Amino acid sequence: MTALEERDYFTDHEILKDPYSFFEAVRAHGPVYQPPGKDYLIVTGFDEALEVLKNNADFSAIIGLQGASAPLPFEPQGSDITAQIEAHRDQILGGDLLVNYDDDLHTRMRSLLNKLFTPSRLKANEAFIQSYSDEIARTITAKGGCELIKEVATPFVTLVIADLLGVPAADRQMFMDVIEAAPPPGSLDTGENDYSSPDHPLVVMGGYFANYIQDRRDNPQDDILTEFARSTFPDGSVPDTIELVKMATFLFGAGQDTSAKLLGNSIRFITDQPGLQDRLRADPSLIPQLLEEVLRLEGSTKQTARLARRDTKIGDLPVPAGTRILVALAAANRDPARWDNPGAFELDRPKIKEHVAFGRGKHVCAGAPLARVEVRIILEKMLAYTSNIDLDEAVHGPRGDRVLDFEPSFIIRGLSELHVKLSPAAGVDLTPASAEPAVKPQEKTASDYSTAKTRIGELLANPVTLAVLDRHFPGMSQDKRLAMAKGMTLRSVQKFAPGQFSDAALDAVDADLAAI
């Protein structure tokens, strides 16, 4: 029988269910270990993880998404492979995304992202979170329960980030649908990690953001999207539109996982730790402490990866340039050299915020403050409107012998579903407060359709307008390249394909649309 530490972390579904036993078997060989037959290192020690995460000079983030097991597209040569990394960046999965950037490029792009998560911006966003959380908590409590992940957690965090970025209300349902269909980052099904596919959900959303950003640059308004679209680097230079599109899209496609999974993982502890939910109801100020301990024990991100770009060391261990490293955040957060009784849940654990669930150093999760706020608020609401929260034993089994399914990802630690039962608190009014819905359908009449105002996706979805497009542009509806342009108008696309979409052709389409 293969020893546990020799099994393949990146493909083994048993390890997916219980990564902690695997990491403990690895830890038994020391804080940094190379499993037999593998060409990468696994870091399980807390101090060693910090050392790698903080050392941006010697360790590149280029393999953060593809993971430490995937081979490099080049053969490392010499004691410094920085130039080789940059020469092959476009051949590495996610090499063109902020999470994998290094050096000045990362610093410049991160400066734009940081503007979205300022205390004042988060404070303004909190009003939406309060209202929407209240509506959700009342509704699911009145129903007596829900499937928490797809019914609550994913749409909740998607709409929160949509509000923060200023996505138009009429498009928010589309974003929720796309997110629900998207595979998790680090999917065990490697085909789902192809972010370049025109049908990938992130590419589809990218088309919408390309339209938003270009429109706000051309027609500035007094809104968040305009501020984002017209933002500049610290030196005053203007970022390429595509960089802003990739940043906004990745926030939706991957960043929201952190908050959604944190909510599910928190409810697990609230339901299974005796007396915990009563203690939190009596003193809601303890909820932030709950979240930090949940992040330590069941953080949404199990691991990240780094590539040694220079000959260096981790502790006293020499690490040659070209070495791939799995930084086991989940193991570092349970390191007995750092934490007393590391596998136990302790609400009052000292210095709990020193965990590395959100990473550390330059690549620390920029959305961490938002995750803490949104999950804290919805838990406050759920606890306030209930007398008891429990898991549905018909689905998950009894306390102490739960049956749980996790997202098939080597990066994300989160439940794929969680069925909860909610008992209302005595005398509580569960009638949703009257408020404008977070997702409001857009009304449209035939006379509203035009190549300047109507998104391509809407024209394709209506059989009458689709017929107009196919008459003027035969085969257009079958063109897969339109997957990332469905959020744009034909007049916007014209800038990129003037030969295909001439003024005369679009004028003719407008004439037919007006005559419908």
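None of the values given here were measured: they were computed from a predicted structure.

Procedures and definitions
- Residues numbered from 1 in each chain as written.
- Predicted model: local features only at pLDDT ≥ 70, side-chain atom pairs only at ≥ 80, totals over all residues.
- Heavy atoms only, no water.
- Helix = DSSP H or I, 4+ residues; strand = E, 2+ residues; numbered from the N terminus.
- Buried < 20%, exposed > 50% of the residue type's maximum accessible area, 1.4 Å probe, protein only.
- Contact = heavy atoms within 4.5 Å.
- Areas by Shrake-Rupley, 256 points an atom, 1.4 Å probe, with all protein chains shown as cover.
- Expected span 1.5 Å × (residues − 1).
- Polar contact = N/O pair within 3.5 Å; in protein donor to acceptor, adjacent residues only side chain to side chain.
- Lys, Arg positive; Asp, Glu negative; His and termini not counted.
- Salt bridge = Lys/Arg side-chain N within 4 Å of Asp/Glu carboxyl O.
- Pairing = 2+ DSSP bridges.
- Axes fitted to C-alpha atoms, helices over the stretch in contact; angles between N-to-C directions.
- Parallel < 35°, antiparallel > 145°, perpendicular 65-115°, else oblique.
- Left-handed = near helix turned anticlockwise from the far one by under 90°.
- Nonpolar A, V, L, I, M, F, W, Y, C, P; charged D, E, K, R; others polar.
- Core = buried A, V, L, I, M, F, W, Y, C linked by side-chain atoms within 4.5 Å.

### Some details on the overall build of the chain
Inference 1: Counting its regular elements, the chain contains 20 helices and 10 strands.
Inference 2: Relative to its full complement of 516 residues, the chain shows a buried share of 57%.
Inference 3: Partitioning the contacts of the chain with sequence separation of at least 6, the portion at a separation of at least 24 is 72%.
Inference 4: On the chain, roughly 21600 Å² of surface is accessible, and the fraction owed to carbon and sulfur atoms is 52%.

### Some thoughts on helix 7 (residues 148-165)
Inference 1: Compared with the 26 Å implied by 1.5 Å per residue over 18 residues, the 24 Å span of helix 7 between its first and last C-alpha is a close match.
Inference 2: Of all the 18 residues making up helix 7, 15 are buried; the element is thus mostly covered by neighbouring parts of the structure.
Inference 3: The N-capping residue of helix 7, defined by a side-chain oxygen 3.0 Å from the backbone nitrogen of Ile149, is Glu147.
Inference 4: Directly beyond the C-terminal end of helix 7, a positive phi value near 85° is found at Gly166.

### Points about the side chain of Arg217
Inference 1: You can see Arg217 is positioned in helix 9 (residues 201-218).
Inference 2: For the buried Arg217, no salt bridge exists, and the shortest N-O distance to an oppositely charged side chain is 6.6 Å, to Asp240.
Inference 3: In contact with Arg217, not counting residues within four places along its chain, are Ala229, Arg230, Val238, Pro239, Asp240, Thr241 and Leu244.

### Quick notes on the sheet that holds strand 1 (residues 32-33)
Inference 1: Reading across from one edge, 1-2-8-5-3 is the order of the 5 strands in this open sheet, with mixed pairing throughout. Two strands bound the open sheet, and with one partner strand each, they are strand 1 and strand 3 (59-60).
Inference 2: Judged from the 2 bridges that link them, strand 3 and strand 5 (residues 304-308) form a sheet pairing that is antiparallel. Following the sheet pairing, Ser60 is matched in strand 5 by Leu307.

### Looking at the packing of helix 13 (residues 287-298) against helix 15 (residues 368-385)
Inference 1: For the pair helix 13 and helix 15, interaxial distance at closest approach is 10 Å and the crossing angle is 120°. The angle between helix 13 and helix 15 falls in the class oblique. When the axes of helix 13 and helix 15 are compared, the crossing they make is right-handed. For the pair helix 13 and helix 15, the contacting residues are Ile287, Pro288, Leu290, Leu291 and Glu292 in the first and Arg372, Val375, Arg376, Leu379, Glu380 and Leu383 in the second.
Inference 2: In terms of residue class, the contact of helix 13 with helix 15 is built from 7 nonpolar, no polar and 4 charged.

### Let's talk about helix 2 (residues 19-27)
Side chains three or four residues apart in an α-helix point the same way, a direct result of the helix having 3.6 residues per turn.
Inference 1: Judged by how many residues are buried, helix 2 sits mostly within the fold: 7 of 9 residues are covered.
Inference 2: Close packing links the buried residues of helix 2 with helix 1 (13-17), strand 1, strand 2 (40-43), helix 13, strand 8 (324-327) and helix 14 (329-332).

### Describing the pairing of strand 10 (residues 419-424)
Inference 1: Sheet topology places strand 4 (residues 145-147) next to strand 10; 3 bridges connect them, and they run antiparallel. Pairing of Gly145 across the sheet is with Lys421, part of strand 10.
Inference 2: One ladder, built from 5 bridges, connects strand 9 (residues 386-391) with strand 10; its direction is antiparallel. Note on strand 10: the bridge partner recorded for Leu391 is Val420.

### With respect to the side chain of Thr141
Inference 1: Note on placement: Thr141 falls in helix 6 (residues 119-143).
Inference 2: A residue is classified by how much of its surface remains accessible, and Thr141, at 1% relative accessible area, is buried.
Inference 3: Apart from the residues lying within four places of it in its own chain, the contact partners of Thr141 are Tyr385, Thr386, Leu422, Pro424 and Leu430.

### Observations concerning the packing of helix 7 against helix 15
Inference 1: For the pair helix 7 and helix 15, interaxial distance at closest approach is 11 Å and the crossing angle is 130°. By the angle between their axes, helix 7 is oblique relative to helix 15. As for how helix 7 packs across helix 15, the hand of that crossing is right-handed. Residues Leu148, Val152, Phe156, Val157, Val160, Ile161 and Leu164 of helix 7 touch helix 15, and the partners they reach there are Leu370, Glu374, Ile378 and Met382.
Inference 2: Across the contact of helix 7 with helix 15, the residue classes tally to 10 nonpolar, no polar and 1 charged.

### Observations regarding the pattern of salt bridges
Inference 1: Scanning the model with the defined rule gives 34 salt bridges in all.
Inference 2: For Asp348, the salt bridge is made with Arg279, and the minimal N-O distance between the two is 3.1 Å. Linking Asp348 in the loop between helix 14 and helix 15 with Arg279 in helix 12 (residues 276-282), this pair joins segments that are 69 residues apart in sequence.
Inference 3: Of the residues examined, Arg279 reaches a relative accessible area of 39% and is grouped as partly exposed.

### Some remarks on the environment of Asp103
Inference 1: Secondary-structure assignment places Asp103 in helix 5 (residues 103-114).
Inference 2: A C-alpha to C-alpha distance of 9.5 Å links Asp103 and Lys362, two positions 259 residues apart in sequence.
Inference 3: Sequence-distant contacts of Asp103, defined by excluding residues within four places in its chain, comprise Arg309 and Lys362.

### Side note on the nonpolar core
Inference 1: Phe117, Phe252 and Ile267 are the most contacted members of the largest nonpolar core, which totals 89 residues.
Inference 2: With residues up to four places along the chain from it excluded, the contact list for Phe117 reads Leu122, Ile161, Leu164, Leu251, Ala366, Gly367 and Leu370.
Inference 3: In this structure, Tyr9, Phe10, Ala321 and Leu326 belong to the second largest nonpolar core, which totals 31 residues.

### A look at the sheet that holds strand 9
Inference 1: The strand order across the open sheet formed by 3 strands is 4-10-9, and the pairing between neighbours is antiparallel. Unpaired on one side and paired on the other, strand 4 and strand 9 mark the two borders of the sheet. Across the sheet, the axes of successive neighbouring strands diverge by a mean angle of 20°, strand direction being ignored.
Inference 2: Relative to strand 9, helix 15 is tilted by about 110°, and along the sheet it contacts strand 9 and strand 10.

### Observations concerning the environment of Pro342
Inference 1: Relative to the elements of secondary structure, Pro342 occurs in the loop between helix 14 and helix 15.
Inference 2: In this structure Pro342 comes out as buried when scored by relative accessible area, which is 17%.
Inference 3: Each C-alpha atom, one on Pro342 and one on Arg296, is 9.2 Å from the other, the two residues being 46 residues apart in sequence.
Inference 4: Once you skip the residues sitting within four places of it in the chain, Pro342 turns out to touch Arg296, Leu297, Arg334, Asp335 and Pro336.

### Some thoughts on unusual backbone geometry
Inference 1: Phi at Asp103 is positive, roughly 55°, even though this residue is not glycine.
Inference 2: In this structure Asp103 comes out as partly exposed when scored by relative accessible area, which is 37%.
Inference 3: One non-glycine residue with positive phi stands out, namely Lys351, at about 50°.
Inference 4: As for its position among the elements, Lys351 is in the loop between helix 14 and helix 15.
Inference 5: Since its relative accessible area comes to 61%, Lys351 is described here as exposed.

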